[in-house]
Amino acid sequence: MTLQAYLTLAAVLFCIGLFGVITRRNTIGILLGIELMLNAVNINLVAFARFLGDVSGMVFTVFTISITVAEVALGLALVILIFRIRRTAVADHLDLLKG
Amino acid sequence: MSLEPIAFWGLAVALLASALAVVLTRNLFHSVLYLALSLTATAGLFLALDAEFLAAVQLLLYAGGVVTIAVFAIVVTERLVGDRITQTSRQLFTGFIIAGALLVALLAIFRRGPLTVPRPAVSGDLTRAIGQSLLTTYVLPFELLGVLFLAALLGALYFARPDD
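This structure is a prediction, so every number in the text was calculated from the model and none was measured. (Residues numbered from 1 in each chain as written. Chains lettered and ligands numbered in written order. Predicted model: local features only at pLDDT ≥ 70, side-chain atom pairs only at ≥ 80, totals over all residues. Heavy atoms only, no water.)

**Q** Sorry if this is basic, but what is going on with the interface of chain B and chain A here?
**A** Interface size is often expressed as the accessible area that is lost when the parts come together. Taken residue by residue, the interface counts 82 residues in chain B and 63 residues in chain A. At the boundary of chain B with chain A, total buried surface from both sides reaches about 6,800 Å², with 77% on carbon and sulfur atoms. Counting the contacts that link chain B with chain A gives 1 salt bridge. For the salt bridge of A:Arg50 with B:Asp50, the shortest nitrogen-to-oxygen distance reads 2.7 Å. Across the contact surface, chain B and chain A share 9 residue pairs in polar contact (both at pLDDT 80 or more). Secondary structure elements with two or more residues in the side of chain B that touches chain A: helix H1 (3-24), helix H2 (28-48), helix H3 (52-77), helix H4 (92-112), helix H5 (126-135) and helix H6 (139-159) of chain B. (Contact = heavy atoms within 4.5 Å. Buried area = accessible area lost by both parts, 1.4 Å probe. Salt bridge = Lys/Arg side-chain N within 4 Å of Asp/Glu carboxyl O. Polar contact = N/O pair within 3.5 Å; in protein donor to acceptor, adjacent residues only side chain to side chain. Helix = DSSP H or I, 4+ residues; strand = E, 2+ residues; numbered from the N terminus.)

**Q** Would you mind going over the nonpolar core with me for this structure?
**A** Inside soluble globular proteins, nonpolar side chains tend to come together where they are buried. Counting 66 residues, the largest nonpolar core has A:Tyr6, A:Leu36 and A:Met58 as its most contacted members. No other element matches the 11 residues that helix H1 (residues 3-23) of chain A contributes to this core. The residues touching A:Met58, leaving out its near neighbours within four places in the chain, are A:Val46, A:Ala49, A:Arg50, B:Leu49, B:Ala51, B:Leu54, B:Leu126 and B:Ile130. (Core = buried A, V, L, I, M, F, W, Y, C linked by side-chain atoms within 4.5 Å. Buried < 20%, exposed > 50% of the residue type's maximum accessible area, 1.4 Å probe, protein only.)

**Q** Looking at this structure, I do not really get unusual backbone geometry. What am I missing?
**A** For residues that are not glycine, phi is negative in most cases, and the peptide bond is trans in most cases. Positioned with a positive phi, B:Asp50 is a non-glycine residue whose angle comes to about 65°. Along the polypeptide, B:Asp50 turns up in the loop between H2 and H3.

**Q** What is the right way to read the environment of B:Leu33 from this model?
**A** Inspection of the secondary structure assignment puts B:Leu33 in helix H2. Spatially, the C-alpha atom of B:Leu33 lies 9.1 Å from that of B:Ser18, the residues being 15 residues apart in sequence.

**Q** How should I be thinking about the environment of B:Phe110 in this particular structure?
**A** By the element assignment, B:Phe110 lies in helix H4. The spatial distance from the C-alpha of B:Phe110 to the C-alpha of B:Gly10 is 22 Å, given a sequence separation of 100 residues. Not counting the four nearest positions on each side in its chain, B:Phe110 is found in contact with A:Gln4, A:Leu7, A:Thr8 and A:Ala11.

Structure (structure tokens):
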């Protein structure tokens, strides 16, 4: 398959993730959408690394995967903490800072 | 090499279908299970790109770790069965317009500059090359990653402390 095929697939995946981030109301659902978007970025990095014959892109993918795991762990810990205080995980209900 | 297009199209269909299910299904728990399927399909795509090490990392960290944490978060904040777990979406039209516009723009850019890079043959062991690059050229970011994980660990412990 050509590089273009992989890039197109990643672009479609990224847009599906963006759709999820915009439309989901539950905070965990929004985080799952962000996961899909980061996944699309990883596919792009690996595809470019493979087609350009440069291993740096794959090293970068190791970094993005690790940072994403830390981000999800902290994000979900925050969701659980907010739920313990406000008894809700719906993003629209968290409007404490609204004037 | 003739198997690669078949693998690509099969994995692409599985990936996009499960990704659509992640953002469209009403049950949050099913959404996480579909996410595990799409992450596994991505690991398959990494295999099709000759990156065996990254496929293993993807399966262990994402499909193993992230999905487990997400299931725990759902169990704590919602019930696994019943009404609470169903989630509604809002602004479907706005989301469709924004995501669709971005997709059209990206595809237009791809069409303008067709990237006809030939796929080079695999030179040596890619896993070995990744390891060597990680511990020589990129050793400083690698160490900083350890600091980040320590901070994330302390942060998660701080959030999870019992009420006093």
